[in-house]
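Read off the chains here:
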Amino acid sequence: MGDFSGNNNTGTALDTTWTTGKYGSALSFNGSSSWVTIQHAASLRLTNALTLSAWVRPATADALWRAVLMKERSTGGGYGLYASSEYNAPAGWLETNQQGGGLTGDDPLPANQWSHLATTYDGSTLRLYINGALAAQAPIAGDVLDDGGPLRIGGNSVWGEYFSGLIDEVRIYNRAQTAAEIQTDMNTPIGTAAAPRAVAQTSRTDAPTIEKLTADSGSLTPRLTAWIPGQRRDKTKIEIEVSNRPTKTINSTKITERPAKDDLLIWSGQVTARPDDSRVTLQVPKDRLSKGANVRWRARITGGSWTDWQDLSITADARALTTATTAAYPQPTADEIKRTLRAGPQGVVPTPSYNDCRTKTQWDAGPYTYTMNRFNVCQVSGFIVEYWKEWWKGSRPFGKKLGTLRGHQLTYLDGKLNRREFYVRKHFYIDKVENVDASKYDLGDAYIAFASTMGSKSSDCTRVSPASGTTVYKTVNAWKQDTATEWHSSELFTAGPGNGYHKISNCTINHSILSKSPVDFEESSTKIYALGTFRCDTSPMVKYHTGGGCVSSDAVPAFTISMNDVSSTGVPYKSIHQHIKKALTHPEDTVPKPGGPTFPDLTGTKSIPGGSEIKPLHRHGYEPIQNGNRSAAKTVCDLELGDRDEKMHCDEFPFASTLEGAARANPFYNFSVAWINGSVNTSHGTYLNAWYSNNRMLNSDPFWIQPLD
């Protein structure tokens, strides 16, 4: 659809046809899927004054919301015009940062006849005009909300409201027209209306676009996939949002007070695609959606436009989900699987959002660290900077304290499962400025910056490029006010080829705050004690992900177990998990017994390790030690559990693949054995080895066991 304003706001039409209009030609809309999309532009961001108008010829007269045009937002509509509403009358629509809602007329528009609609806003009053006459008005204040969503004609994706009939002569002004001006426009065709205007195909050239979206919506934790153009030159970040459907607020001619905070967003996530990736997938975490929910989702490539909202219906219940998705090795989620990645050739690691890191760590009361998995760790760390004025008197130094700056840094370490690289992201908070005498030296005007440096033993590690985001000197007050930016700093680092059998590179990032004295602008540095060490490897012990990867050296992963866990071929692990849970929670009821047949002269209390990060297990891949652990466990099974079916295996905990296994237990009886079906035991061993690979577990790496039920 053409634009005669000179702003080049051309539109892309979907499921519309040209026909005879009020003046020249009009577009026909089918009432179910037709619309015209005009991408956001500065000229469409109308702040405190506007006029919207159009000629409409509705095919029906009903009490449904029929959108003539709407400037969409992620949580509603900024401004809009309707041919009908639930009050069986046309309506104007406006949402500001103070108020929002609809303004309706009294009577429905006649079907199959041309009617002119207009709505205006002058910063204090919203007005609705029907056929050039004022039909309703109401006071409203504030600036119109606009988050860069598209303008739609004939429908909207926010509420799924479609117009049925013909639309012609759509006008948008950045000022409020008078009644006389509206009447003049009614009788004046736009441009040359003798022939249909061409429907333009718009596209962005500054960023790639999402090609299509697909969703596995049959579970409580659906997997959402965005398809992107392949063979790109650079890595591409994709963002996904899941949202409730906005509800309308309208009461005939009454504008309602706008809520203080939108609460429609359910979850958001992001993932980075490599240049050769054609699609990326994120999974909605557990407990965000409920059975029967009808929500919506969308995606965008950072720097590009959001896709249209897609419907998402949740049909599965929680019990069915646990069995079905575990068998299929789903993409893991932090809330469901916490600090672990499932077994199987996992390719995507869940990453926390800024809000996850911010809300799940607390500087004032803890917890100070949030570990989503071995690759992603968030931490809050405090800093204190003291400012002094110094001078010399003769050969003696003197000083006067000017004040103290207190704050904290939120650090997010983002390692990669299958690449030798990692990101370090930071957000900085100014908590308190303590001035001794603000009339002379106000520390709010002092300049500070934040820096990252490579550790002295990180020669095999390289910063790929200077930090993106805000990393320059700014005043303390400017930092304090910059709360809208999520990550103030984001840096990418890579590791070299590494050393030794595992090709290990240890990379340490040091953090500091740089400050300039408000007296003489002399620069000083204060260390911030925050996590920042990664271990990158390309180890033969890691299957599936042979290109190498980087884990946080400070993260201790958890191998989570559930009674509903099954293998990819349907083998249930309930008996093994019952054994593990019993060993961790009631070790006194397990075999071997202190003072029993195996250790008759030993007495004491059993306290089997592996149930917490404080008492972890440690992986090893040495076959002689594993065989020794298995042999010791088998001896105890024979001595204390007696005869068995030939299909049964002796299962031990801690696992034979740990340094705490049966042959190395301390005390000697501090382990547990049980007869387990042989096929189940063998399958679970394969499952555990896959988990080791997905978490890049090397020799002596610690981990712990976390039962989910």
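Now for a description of the structure that goes with this document. (Residues numbered from 1 in each chain as written. Predicted model: local features only at pLDDT ≥ 70, side-chain atom pairs only at ≥ 80, totals over all residues. Heavy atoms only, no water.)

Looking at helix H7 (residues 623-641)
Then comes step 1: Look at H7: 26 Å from first C-alpha to last across 19 residues, which is about the 27 Å you get at 1.5 Å a residue.
Then comes step 2: Along H7, the positions that sit buried rather than exposed are Gln626, Asn629, Ala633, Val636, Cys637 and Glu640. The buried residues of H7 occupy an angular sector of 105 degrees when the element is viewed end-on, so they sit on one face.
Then comes step 3: Buried residues belonging to H7 abut strand E40 (648-653) and strand E41 (672-677).
Then comes step 4: One or two residues past the end of H7 sits Gly642, with phi positive at roughly 75 degrees. (Helix = DSSP H or I, 4+ residues; strand = E, 2+ residues; numbered from the N terminus. Expected span 1.5 Å × (residues − 1). Buried < 20%, exposed > 50% of the residue type's maximum accessible area, 1.4 Å probe, protein only. Arc of directions from axis to C-beta. Contact = heavy atoms within 4.5 Å.)

A look at the pattern of salt bridges
Then comes step 1: Using the criterion set out here, one finds 24 salt bridges in the structure.
Then comes step 2: Across the pair Lys416 and Asp414 runs a salt bridge whose closest N-O atoms are separated by 3.3 Å. With respect to burial, Lys416 and Asp414 carry one shared label: buried.
Then comes step 3: Across the pair Glu623 and Arg630 runs a salt bridge, and its minimum N-O distance is 3.7 Å.
Then comes step 4: Classification of Arg630 as partly exposed rests on a relative accessible area of 39%.
Then comes step 5: Overlapping salt bridges, with partners in common, bring together Arg45, Lys71 and Asp146 in one network. (Salt bridge = Lys/Arg side-chain N within 4 Å of Asp/Glu carboxyl O.)

With respect to the packing of aromatic side chains
Each aromatic ring pair is characterised by the separation of its centres together with the angle its planes make.
Then comes step 1: One pass over the full model with this rule turns up 21 aromatic pairs.
Then comes step 2: Ring centres 5.3 Å apart and planes at 15 degrees place the aromatic pair Phe422 and Phe493 in the stacked group. Here Phe422, found in strand E28 (residues 421-435), pairs with Phe493, found in strand E33 (residues 489-495); they are 71 residues apart in sequence, far enough to count as distant.
Then comes step 3: Three or more aromatic residues link up through ring pairs in this structure, and these residues are Phe559, Tyr573, Phe653, Phe655, Tyr687, Trp691, Tyr692 and Phe703.
Then comes step 4: The ring of Trp35 carries the charged tip of Arg152 above its face, separated from the ring centre by 4.1 Å.
Then comes step 5: Looking at Arg298, its charged tip hangs above the ring of Trp306, at a distance of 4.2 Å from the centre. (Phe/Tyr/Trp six-rings, centres within 6.5 Å; stacked < 30°, edge-to-face > 60°. Lys NZ or Arg CZ within 6 Å of the ring centre and 35° of its normal.)

A few points about the packing of helix H6 (residues 574-585) against helix H8 (residues 678-694)
Then comes step 1: As a packed pair, H6 and H8 sit with axes 9 Å apart at the nearest point and diverge in direction by 75 degrees. The orientation of H6 with respect to H8, classified from their angle, is roughly perpendicular. When H6 is examined against H8, the residues Ser575, Ile576 and His577 are found in contact with a partner set consisting of Val680, Asn681 and His684.
Then comes step 2: Classifying every residue of the contact of H6 with H8 gives 2 nonpolar, 4 polar and no charged. (Axes fitted to C-alpha atoms, helices over the stretch in contact; angles between N-to-C directions. Parallel < 35°, antiparallel > 145°, perpendicular 65-115°, else oblique. Nonpolar A, V, L, I, M, F, W, Y, C, P; charged D, E, K, R; others polar.)

Considerations on the nonpolar core
Then comes step 1: In this structure, Leu50, Val56, Val68, Tyr79, Leu94, Leu117 and Ile167 are the most contacted members of the largest nonpolar core, which totals 31 residues.
Then comes step 2: Considering every element that reaches this core, the biggest residue donor is strand E5 (residues 50-58), with 4 residues.
Then comes step 3: Look past the residues within four positions of Leu94 in its chain and what remains in contact with it is Leu50, Gly78, Tyr79, Gly100, Gly101, Tyr121, Leu126, Ile140 and Val144.
Then comes step 4: Grouped together as the second largest cluster of nonpolar side chains are 24 residues, Ile210, Ile266, Ala273 and Ile301 included. (Core = buried A, V, L, I, M, F, W, Y, C linked by side-chain atoms within 4.5 Å.)

Points about unusual backbone geometry
Then comes step 1: Here the bond from Phe653 into Pro654 is cis, since omega is 0 degrees, no more than 30 degrees from zero.
Then comes step 2: Relative to the helices and strands, Pro654 resides in the loop between E40 and E41.
Then comes step 3: Geometrically, the link from Asn666 to Pro667 is a cis peptide bond, its omega value of -5 degrees lying close to zero.
Then comes step 4: Note that Pro667 resides in the loop between E40 and E41.
Then comes step 5: Despite not being glycine, Asn131 shows a phi value in the positive range, around 55 degrees.
Then comes step 6: Its relative accessible area of 40% is what places Asn131 among the partly exposed residues.
Then comes step 7: Even without being a glycine, Glu169 presents a positive backbone phi close to 60 degrees.
Then comes step 8: Structurally, Glu169 can be placed in strand E16 (residues 164-173).

So, the state of the cysteines
Then comes step 1: The tally for this structure, following the rule as stated, stands at 4 disulfides.
Then comes step 2: Residue pairing for Cys461: its cysteine sulfur links by disulfide to Cys507, the two sulfurs lying 1.9 Å apart. Torsion about the S-S bond of the Cys461 and Cys507 cystine: about -80 degrees, corresponding to left-handed handedness. With a gap of 46 residues between them, Cys461 in strand E30 (residues 461-463) and Cys507 in strand E34 (residues 505-516) connect regions that are remote in the sequence. As far as the burial class goes, Cys461 and Cys507 line up, both buried.
Then comes step 3: Covalent S-S linkage joins Cys637 and Cys650, the inter-sulfur distance amounting to 2.0 Å. Negative torsions about the S-S bond denote left-handed disulfides, and the value of about 75 degrees found for Cys637 with Cys650 makes this one right-handed. Of this pair, Cys637 sits in helix H7 while Cys650 sits in strand E40, and the two are 13 residues apart along the sequence. (Disulfide = S-S within 2.5 Å.)

Points about the environment of Gly92
Then comes step 1: With respect to the helices, strands and loops of the structure, Gly92 is situated in strand E8 (residues 91-95).
Then comes step 2: Spatially, the C-alpha atom of Gly92 lies 6.5 Å from that of Thr104, the residues being 12 residues apart in sequence.
Then comes step 3: Contacts of Gly92, omitting those with residues within four sequence positions, involve Gly80, Gly101, Gly102, Leu103, Thr119 and Leu128.

Some thoughts on the sheet that holds strand E12 (residues 133-139)
Then comes step 1: Within the open sheet, the 7 strands sit side by side as E2-E3-E16-E5-E10-E11-E12. Their pairing is antiparallel. On the outer flanks of this sheet lie strand E2 (17-20) and E12, each paired with one strand and no other. Between one strand axis and the next, the sheet turns through 30 degrees on average, direction left out of account.
Then comes step 2: Pairing of strand E10 (residues 115-121) with strand E11 (residues 125-130), which is carried by 5 bridges, proceeds in the antiparallel orientation. Looking at the pairing, Thr120 lines up with Arg127 of E11.
Then comes step 3: Helix H1 (residues 179-186) contacts E5, E10, E11 and E16 of the sheet and is inclined by roughly 145 degrees relative to E10. (Pairing = 2+ DSSP bridges.)

Considerations on the sheet that holds strand E42 (residues 702-707)
Then comes step 1: Pairing is mixed in the open sheet, where 3 strands are placed in the order E38-E42-E39. Two strands lie at the open edges of the sheet, namely strand E38 (558-561) and strand E39 (617-618), each paired on one side alone.
Then comes step 2: By the bridge criterion, 2 bridges tie E39 to E42 in an arrangement that is antiparallel. Bridging across to E42, His618 finds its partner in Pro702.
Then comes step 3: Taken strand by strand, H8 contacts E38 and E42, and its axis lies near 145 degrees from that of E38.

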